[in-house]
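Fold and geometry: a report
Next come the chains, spelled out residue by residue.
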Amino acid sequence: MSLERVNPAELSPPAGFSHAVVAAAGSRLVLLAGQTALDGAGAVVGSTLPEQFERALANLLGALAAAGGTPDRLARVTVYAVDVADYRAHAAELGRIWRRLAGRDYPAMAVIGVVRLWDEQALVELDGIAVLD
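Residues numbered from 1 in each chain as written. Predicted model: local features only at pLDDT ≥ 70, side-chain atom pairs only at ≥ 80, totals over all residues. Heavy atoms only, no water.

This part is about the nonpolar core. Membership of the largest hydrophobic core comes to 24 residues, with the highest contact counts inside it found for Phe53, Leu74, Val77, Trp98 and Leu126. Elements with a contribution of two residues or more to this core: strand 3 (28-35), helix 1 (49-66), strand 4 (74-81), helix 3 (91-102) and strand 6 (124-132). With seven residues, the single largest contributor to this core is helix 1. Ignoring any residue separated from it by four or fewer positions in sequence, one finds valine 77 in contact with Leu60, Trp98, Pro107, Ala108, Met109, Ala110, Leu126, Asp127 and Gly128. Membership of the second largest hydrophobic core comes to five residues, among which are Val21, Ala75, Ala108 and Val131. (Core = buried A, V, L, I, M, F, W, Y, C linked by side-chain atoms within 4.5 Å. Buried < 20%, exposed > 50% of the residue type's maximum accessible area, 1.4 Å probe, protein only. Helix = DSSP H or I, 4+ residues; strand = E, 2+ residues; numbered from the N terminus. Contact = heavy atoms within 4.5 Å.)

So, about helix 3. A rise of 1.5 Å per residue sets the reference length of helix 3, with its 12 residues, at 16 Å; its end C-alpha atoms lie 15 Å apart and thus fit the reference within 8%. Among all positions of helix 3, only Leu94, Gly95, Ile97, Trp98 and Ala102 are buried. On an axial view of helix 3, the arc spanned by its buried residues comes to 160 degrees, and they lie on one face. Counted as exposed and oriented over 90 degrees from the buried face of helix 3: Ala92 and Arg100. Tucked into the core, helix 3 has its buried residues touching helix 1, strand 4, helix 2 (84-89) and strand 5 (108-113). Taken from the residues just after helix 3, glycine 103 is the one with a positive phi, measuring 90 degrees. (Expected span 1.5 Å × (residues − 1). Arc of directions from axis to C-beta.)

Within the secondary structure layout, leucine 132 lies in strand 6. Residues leucine 132 and valine 30 lie 102 residues apart in sequence; the distance between their C-alpha atoms is 7.4 Å.

With respect to burial, strand 4 is a largely interior element, six of its eight residues being buried. Looking at chain direction, strand 4 and strand 6 are connected through seven bridges and run antiparallel. Bridged to valine 77 within strand 6 is glycine 128. Across six bridges, strand 4 lies against strand 5 in parallel orientation. What sits directly across from arginine 76, in strand 5, is alanine 108. (Pairing = 2+ DSSP bridges.)

The calculated volume of the largest pocket comes to roughly 440 Å³. Forming the walls of the largest pocket are 17 residues, and the residues nearest its centre are Ala15, Gly16, Tyr87, Ala91 and Val111. Here the element with the most residues in the lining of the largest pocket is helix 3; it accounts for six residues. Partitioned by chemical class, the residues of the lining of the largest pocket number 13 nonpolar, two polar and two charged. (1 Å grid on protein atoms, 1.4 Å probe; cavity = no way out; pocket = protein on both sides within 12 Å on 5 of 7 lines; lining within 4 Å. Points joined across faces, edges and corners; volume = space filled by probe spheres on them. Nonpolar A, V, L, I, M, F, W, Y, C, P; charged D, E, K, R; others polar.)

Right, let's get into the pattern of salt bridges. All chains considered together, the criterion is met by two salt bridges. Across the pair arginine 100 and glutamate 54 runs a salt bridge whose closest N-O atoms are separated by 3.0 Å. Taken together, the residues span a long stretch of sequence, with arginine 100 in helix 3 and glutamate 54 in helix 1 at a distance of 46 residues. You can call arginine 100 exposed: its relative accessible area is 53%. For the salt bridge of glutamate 120 with arginine 116, the shortest nitrogen-to-oxygen distance reads 3.6 Å. Given a relative accessible area of 64%, glutamate 120 falls into the exposed group. (Salt bridge = Lys/Arg side-chain N within 4 Å of Asp/Glu carboxyl O.)

Structural data, given as structure tokens:
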């Protein structure tokens, strides 16, 4: 099974995401629940968006690893942010965090602005879909 990242030349160049990811048949689909910056005790850690993004991504990748996957198997990630302007302001730093934890094989991604998340202190949440052999 393979994942093919598709970035058509006629679309704006992607930065930190792929426009489409094609997964071949004969594989397992892993649906990853939304992850925020919760620690093992259930408390939100980090007061800034980059701190919370790093923990939320680590939590998402931890769930993926427990299911037998690695970051390069992510086909789709959705980011829910309570302040999209803040997310854009930190985009370069968030990209560095992503590359350090997940590498350069970007999934198809979207950032969606939300009024609030389940935990009031949470600034960002990530969910995803991975395809495993």
